[in-house]
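The lines below spell out each chain.
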Amino acid sequence: MLRSIGNQFKRPTGLLGKIISKVMMKGNMPDYLKLIPELDIKQHDIVLEIGYGHGLGVNMILSKYDCTVSGIDFSELMFKQASKRNKKFIESGKLELKCGNFLESEMSPDQFDKIFCIHVIYFWDDLAKPFTKIKTALKEHGMFCIFMANVDFIKKMKFTKDGIFNKYSKDEVVDALYKVGFKEVSYSLNSKGYIIKCC
Ligand SMILES: C[S@@+](CC[C@H](N)C(=O)[O-])C[C@H]1O[C@@H](n2cnc3c(N)ncnc32)[C@H](O)[C@@H]1O
């Protein structure tokens, strides 16, 4: 049972996925509220969210900022929920949501001003490949921003004990970002975890 709960956080499906989605919306809303201002979104910025889940984050951004947003998530359930929640933004051409695996997706260079992900990197077994893709997809002065729970918080959760979650420390993530060529990496700590920003 714990394994299937862990898997649902990685890729929500079916009825349990719907329940987990509600849990994430409520539990992770404060994390979106903390991270979004850090993106310093400017008019006409092109923003990418990796692992948009329920789609609340892209909704919050487009309700407040005059920018264009793309998202990629490999859960069909999340794709459907996020598309429904953001119908008006999709119809107006402000939002494009894709259903696909970011790790296998093609990313053209110099596309985005800002890229971010919240509670997603635990599911990447290797950080070098996805971080390199992100670095390539960013424009010259673009920014990548991560929200990740503190590793002690992750270790305490019962459903994270089965190998589905990679338990990265903040230092491992910062190191991996420098290694792929980000020049400036900074972080701040809050009650649940870290916001790591790099450019
Ligand atoms: C723990 S949920 C977080 C959802 C949302 N960001 C939040 O914080 O509430 C992780 C999300 O990332 C998606 N995801 C995980 N790995 C992915 C990958 N390799 N490519 C695309 N989406 C991925 C999952 O489908 C899921 O919706």
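Asker: Talk me through unusual backbone geometry; I want residue IDs and the actual numbers.
Answerer: Of note in this structure, Asp40 is not a glycine but carries a positive phi near 50°. Checked against the element boundaries, Asp40 lands in the loop between α2 (14–38) and β1 (46–50). For Asp40, a count of 12 C-beta atoms within 10 Å puts it in the exposed group. Of note in the backbone geometry, Asp110 takes a positive phi value of approximately 55° without being a glycine. Structurally, Asp110 can be placed in the loop between β3 (95–99) and β4 (112–118). Accessibility expressed as a C-beta count within 10 Å gives 10 for Asp110, which makes it exposed.

Asker: Can you tell me about the site of the ligand, naming the residues and giving the values?
Answerer: With respect to spatial proximity, 20 residues lie near the ligand, and among them Asn28, Gly51, Gly53, Ser75 and Phe102 are the closest. Here the shell around the ligand is composed, by residue class, of 11 nonpolar, six polar and three charged.

Asker: Before we move on, could you go through the nonpolar core and cite the residues and values that matter?
Answerer: Residues Ile115, Met148 and Val173 are the most contacted members of the largest nonpolar core, which totals 44 residues. Ignoring any residue separated from it by four or fewer positions in sequence, one finds Val173 in contact with Ile121, Leu127, Ile146, Met148, Tyr168 and Ile196.

Asker: Help me get a handle on the environment of Tyr122, residues and values and all.
Answerer: Mapped onto the secondary structure, Tyr122 falls in the loop between β4 and α6 (128–137). Each C-alpha atom of the pair Tyr122 and Phe153 lies 12 Å from the other, and the pair is 31 residues apart in sequence. Apart from the residues lying within four places of it in its own chain, the contact partners of Tyr122 are Ile154, Phe165 and Asn166.

Reading the values: rules and limits
- Per chain, residue numbering runs from 1 following the sequence as it is written.
- Reporting in this predicted model follows two pLDDT cut-offs: at least 70 for local features of residues, and 80 or more for side-chain atom pairs to be given and counted; totals over whole chains, interfaces and linings ignore these cut-offs and use all residues.
- Numbering goes from the N terminus for both helices and strands, where a helix is a DSSP run of H or I of at least four residues and a strand is a run of E of at least two.
- Put simply, a residue is buried when 20 or more other C-beta atoms lie within 10 Å of its own C-beta and exposed when 12 or fewer do; between those, it is partly exposed, and each C-beta is set from the backbone.
- For each residue, a C-beta atom is placed from the backbone, and the residue counts as near a molecule or strand when that atom lies within 6 Å of it.
- Any residue outside Ala, Val, Leu, Ile, Met, Phe, Trp, Tyr, Cys, Pro, Asp, Glu, Lys and Arg is labelled polar, Gly included; the first ten of those are nonpolar and the last four are charged.
- One nonpolar core equals one set of buried Ala, Val, Leu, Ile, Met, Phe, Trp, Tyr and Cys residues connected by C-beta atoms within 7 Å.
- Note that contacts rest on C-beta atoms placed from the backbone: two residues are in contact if these are within 7 Å.

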